[in-house]
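Okay, here's what each chain looks like letter by letter:
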Amino acid sequence: MRSAKQAPGGARRATLTIIAMAAAILAVPSDGTADTLRVGRPSARGFAGVPLATGIKHGFFRNQGLDLELAVFGGGRTSQAMTAGSVDISVQSGTEMAFLAKGVPAKAVAALAGPPNELVLVVRPDLPIRSAADLKDRTMGVTGPSLTGWLVAEVSRQQGWGPKGIKMNYAPPQSSWALMKTKAIDGMVVDLGTALQAERDGHARILLNFGKSLPDFHVFVAVVHNDVIAKRGDTVRRFLKAWFETVGFMRANKAATVAVQIELQEIEADIANRTYDDVIPEFSTDGRFNDKALAALSRSFVELEYLPKEPNMAALITEEFLPKP
């Protein structure tokens, strides 16, 4: 395994290596009879990809007669791909549901994960920052006016500073790592596995886990193109059945799940074990939407300036394809 010390360095080459490796892990031979689904996911390294990788490796999607063609998206590009018709279903951040209200031809069909336990805020280890109260006027790296940016703004609000009490610098994660190294920014939002590895290597210190401050939230949802809903509803049902069977397997088989994490996320075994313990509870076992979580998402759409007012959330979701209790 390539040393995880390279991850915070931010080289484009490293990112491409991760994506290539993920593709190799997830490649599944087809017998020509399975239905193909083009599936988007938000990042190459994040835990959201682990259920897909685990489900493929252990045959849950194949058992439902499905072949998955996976692609990595980020920065809102999932919605662009959905609009273009180049993806059938996506595992994406809940905040991206705002684009459904703006005309993306799709609906959210399942709440896949709750509080954002996977996402943490790290700071430079040389700074005297010990709690969220020390973040006033500090600059944090986020991917943009997206989930990561909103999480930082939410911390600022909870501290009583309004949404802009913490400054933000928009950049891809690899660029933010470089900016932290040169002391141009004070910290960044990153996935827990990468953060733990960076902390071990002396590149960063974990300050807070966003899941602790947002108990009612849907950090990841499944979104399906309207054409697929209309013409291939049974395929959607089988995808969700396989997903939740995989989540059940992951909860009952830590060692098998950690093995996938190590390969997909490029983290060391003890860090994968720690990440599993912190993150696996956030994954839903039934996909049902939570009214309080939907309310938090609705508020985020306006605060991110995606929408001028909160939408009718019921119009953006459907639970008709979820496995029956």
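This structure is a prediction, so every number in the text was calculated from the model and none was measured.

Peer 1: Can you walk me through the overall build of the protein chain in this structure?
Peer 2: Of regular secondary structure, the protein chain possesses 13 helices and 10 strands. Taken over 325 residues, the protein chain has a buried fraction of 56%. Summarising the internal contacts of the protein chain: among those between residues at least 6 apart in sequence, 80% fall at separations of at least 24. Surface summary for the protein chain: the accessible area is close to 13400 Å², and the carbon and sulfur share equals 52%.

Peer 1: Help me out: how do you make sense of the packing of helix 2 (residues 50-57) against helix 11 (residues 254-265) in this one?
Peer 2: When two helices pack together, their arrangement is captured by the angle between the axes and the distance separating the axes. Running from amino to carboxyl end, helix 2 crosses helix 11 at an angle of 115°, the nearest separation of the two axes being 10 Å. Along this stretch, helix 2 crosses helix 11, giving a crossing that reads as right-handed. Contact residues: helix 2 offers Val-50, Ala-53, Thr-54 and Lys-57, while helix 11 offers Thr-257, Val-260, Gln-261, Leu-264 and Gln-265.

Peer 1: Teacher, can you tell me more about the layout of surface pockets here?
Peer 2: To find leftover empty space, one rolls a probe the size of a water molecule over the atoms. The volume enclosed by the second largest pocket comes to roughly 290 Å³. Contributing to the lining of the second largest pocket are 14 residues, with Ala-153, Lys-164, Met-168, Tyr-170 and Glu-303 lying nearest its centre. Secondary-structure elements contributing two or more residues to the lining of the second largest pocket are helix 6 (147-158) and strand 7 (167-170). Examining the composition of the lining of the second largest pocket, we find that 4 residues originate from one element, helix 6, more than from any other. In terms of residue class, the lining of the second largest pocket is made up of 8 nonpolar, 2 polar and 4 charged.

Peer 1: I would appreciate a short explanation of the side chain of Ser-156 in the present structure.
Peer 2: Inspection of the secondary structure assignment puts Ser-156 in helix 6. A distance of 2.4 Å separates a polar side-chain atom of Ser-156 from the backbone oxygen of Gly-162.

Peer 1: Explain the packing of aromatic side chains to me, please; I cannot follow it from the model alone.
Peer 2: Describing an aromatic ring pair means giving the distance of the ring centres and the angle of the ring planes. All told, the structure shown has 6 aromatic pairs when counted by the stated rule. Site record: aromatic cluster; members linked through ring pairs are Phe-61, Phe-239 and Trp-243.

Peer 1: Looking at this structure, how should I read the pattern of salt bridges?
Peer 2: When charged atoms on two side chains of opposite charge get close, those side chains can pair. Applying the stated criterion across every chain, the model contains 19 salt bridges. Residues joined in a network through salt bridges with shared partners are Arg-124, Asp-126, Arg-138, Lys-183 and Asp-186.

Peer 1: What is the right way to read the nonpolar core from this model?
Peer 2: Nonpolar side chains in soluble globular proteins tend to be buried together. Formed by 103 residues in total, the largest nonpolar core has its most connected members in Met-97, Leu-135, Phe-239 and Leu-240. Not counting the four nearest positions on each side in its chain, Phe-239 is found in contact with Leu-37, Val-39, Leu-52, Phe-61, Leu-66, Leu-68 and Ile-89.

Peer 1: Help me understand helix 12 (residues 269-279) in this model?
Peer 2: An α-helix turns once every 3.6 residues. As a result, residues three or four positions apart point the same way. Looking at helix 12, one finds that the buried residues are Ile-271, Ala-272, Thr-275, Tyr-276 and Val-279. Projected down its long axis, helix 12 carries its buried residues within an arc of 140°, all on one side. The inward-facing, buried residues of helix 12 contact helix 8 (192-200), helix 10 (233-252) and helix 11.

Criteria and cut-off values
- Per chain, residues are indexed from 1 in the order of the written sequence.
- In keeping with the predicted nature of the model, local features appear solely for residues at pLDDT of at least 70, side-chain atom pairs appear and are counted solely at 80 or more, and the whole-chain, interface and lining totals rest on all residues.
- Side-chain numbers here rest on the full set of heavy atoms in the structure, without hydrogens or water.
- Segments assigned H or I by DSSP are reported as helices when at least four residues long, segments assigned E as strands when at least two residues long, and all are numbered from the N terminus.
- Working definition: with a 1.4 Å probe on protein chains only, accessible area under 20% of the residue-type maximum means buried, over 50% means exposed, and in between means partly exposed.
- By definition, residues are in contact when any of their heavy atoms lie within 4.5 Å.
- Methods summary: accessible areas were calculated by the Shrake-Rupley approach with a probe of 1.4 Å, and residue burial reflects only the protein chains presented.
- Every axis corresponds to a line fitted to the C-alpha atoms, with the helix fit spanning only the stretch in contact, and the corresponding angles, defined between N-to-C directions, vary from 0 to 180 degrees.
- Put simply, a crossing is left-handed when the front helix is turned counterclockwise from the back one by less than a right angle, and right-handed when it is turned clockwise.
- A pocket, in this scheme, is an open set of points on a 1 Å grid over the protein atoms alone with protein on both sides within 12 Å along at least 5 of 7 lines, while a cavity is a set where a 1.4 Å probe fits but cannot get out; residues line either one if an atom lies within 4 Å of a point.
- Grid points are joined across faces, edges and corners, and a volume is the space filled by probe spheres set on the points.
- Ten residue types, Ala, Val, Leu, Ile, Met, Phe, Trp, Tyr, Cys and Pro, are classed as nonpolar, four, Asp, Glu, Lys and Arg, as charged, and the remainder, Gly among them, as polar.
- Pairing of N or O atoms within 3.5 Å defines a polar contact, subject to two protein rules: one partner must be a possible hydrogen donor and the other a possible acceptor, and residues neighboring in sequence count only if both atoms are side-chain atoms.
- Between rings of Phe, Tyr and Trp, where Trp is taken as its six-membered ring, a pair exists when centres lie within 6.5 Å; planes separated by under 30 degrees are stacked, by over 60 edge-to-face, and by other angles tilted.
- Should a side-chain nitrogen of Lys or Arg be within 4 Å of a carboxyl oxygen of Asp or Glu, the pair is scored as a salt bridge.
- Only buried residues count toward a nonpolar core, which is a set of Ala, Val, Leu, Ile, Met, Phe, Trp, Tyr and Cys residues joined through side-chain atoms within 4.5 Å.
- When we speak of the arc, we mean the arc of directions from the helix axis to the C-beta atoms.

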